[in-house]
Amino acid sequence: MQAGVDEVGRGCLAGPVVAAAVVLFNEVEGLKDSKQLTPIKRNRLCDEILENGITGIGISSNVEVDEINIHQASLLAMERAISNLEIKPSNIFVDGKFGLNIDIPNHPIIGGDKKCFLISAASIVAKVYRDRFMINLAKKFSNYAWEKNFGYGTKAHLEGLKKFGVTAHHRKSFKPVHKILSS
């Protein structure tokens, strides 16, 4: 049984890095890189993936990103996603150029979310999960437009940072946030 794993949220100024690992038992039509899909199509495909397979979610918090760096936090989130699968796969396809430090054979694929349907499925599940997390967080922190930018450094988010400051959900090691903390 094979799995795909991918993460989302590497470039965000706020929120966690979220990874998903996916094993599919049935074919799901229309899988592609989550960034190439509309939100409606992405949500529909996420539901189909959940109905036709199993998933594991792995999260690295913004605090972990600051402590171990974004690269290590991304790998950690992917390892956690795999460990949260109900079934241990025999082989894993990993998006990116780095393999994982786990006891299951895994194969990095650069641009894997465009080349491997299992990684595409993982990218969709991870993106939908993280987007929903940030939309929910935006209800409490409404000054940063996270319901629209999902923590990325958009104009509205940067203006919110300047006007309202840094929250506990911001990545303090990222330049725009660090700059505000240092001023």
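The structure we're discussing is the one just above.
Residues numbered from 1 in each chain as written. Predicted model: local features only at pLDDT ≥ 70, side-chain atom pairs only at ≥ 80, totals over all residues. Heavy atoms only, no water.

1. Looking at a nonpolar patch on the surface
Piece 1. On the surface, a cluster of nonpolar side chains totalling about 270 Å² of accessible area is made up of M1, F25 and I87.
Piece 2. Topologically, I87 is positioned in the loop between α3 (70-83) and β4 (91-95).
Piece 3. Among the residues examined, I87 registers a relative accessible area of 30% and is labelled partly exposed. (Patch = residues over 30% accessible without salt bridge, like charges linked within 9 Å, V, L, I, M, F, W, Y side chains within 5 Å. Areas by Shrake-Rupley, 256 points an atom, 1.4 Å probe, with all protein chains shown as cover. Salt bridge = Lys/Arg side-chain N within 4 Å of Asp/Glu carboxyl O. Helix = DSSP H or I, 4+ residues; strand = E, 2+ residues; numbered from the N terminus. Buried < 20%, exposed > 50% of the residue type's maximum accessible area, 1.4 Å probe, protein only.)

2. Remarks on helix α1 (residues 39-51)
Piece 1. For α1, spanning 13 residues, the distance from its first C-alpha to its last is 18 Å, which sits close to the expected 18 Å at 1.5 Å a residue.
Piece 2. For α1, the set of buried residues is R42, L45, C46 and I49. When α1 is viewed along its axis, its buried side chains cluster within an angular range of 110° and face the same direction. Counted as exposed and oriented over 90 degrees from the buried face of α1: I40 and E51.
Piece 3. Buried positions along α1 lie against β2 (17-24), β3 (53-60) and α5 (117-140). (Expected span 1.5 Å × (residues − 1). Arc of directions from axis to C-beta. Contact = heavy atoms within 4.5 Å.)

3. Section: the pairing of β2
Piece 1. Taken across its eight residues, β2 has eight buried, putting it largely inside the fold.
Piece 2. Neither face of β2 is left uncovered, since the one carrying V17, A19, A21 and V23 and the one carrying V18, A20, V22 and L24 both have all their residues buried.
Piece 3. The pairing of strand β1 (residues 2-8) with β2 spans five bridges and is antiparallel. Bridge pairing in β2 places D6 opposite A20. (Pairing = 2+ DSSP bridges.)

4. Examining the sheet that holds β1
Piece 1. With respect to topology, five strands assemble into an open sheet ordered β3-β2-β1-β4-β5, the strand pairing being mixed. Edge positions in the open sheet fall to β3 and β5 (106-109), since each of these has one partner strand only. Taken over all neighbouring pairs, the strand axes of this sheet differ in orientation by 20° on average, direction set aside.
Piece 2. Its contacts with the sheet put α1 on β2 and β3, and the angle it makes with β3 is roughly 115°. (Axes fitted to C-alpha atoms, helices over the stretch in contact; angles between N-to-C directions.)

5. Remarks on the packing of α1 against α5
Piece 1. Two numbers describe how α1 lies on α5: the axes approach to 9 Å, and their chain directions differ by 115°. Here α5 runs roughly perpendicular to α1, going by the angle between their axes. Once α1 is placed against α5, the crossing between them reads as left-handed. Residues R42, N43, L45, C46 and I49 of α1 lie in contact with α5, whose contacting residues are A121, I124, V125, K127, V128, D131 and R132.
Piece 2. For the contact of α1 with α5, a count of residues per class yields seven nonpolar, one polar and four charged. (Parallel < 35°, antiparallel > 145°, perpendicular 65-115°, else oblique. Left-handed = near helix turned anticlockwise from the far one by under 90°. Nonpolar A, V, L, I, M, F, W, Y, C, P; charged D, E, K, R; others polar.)

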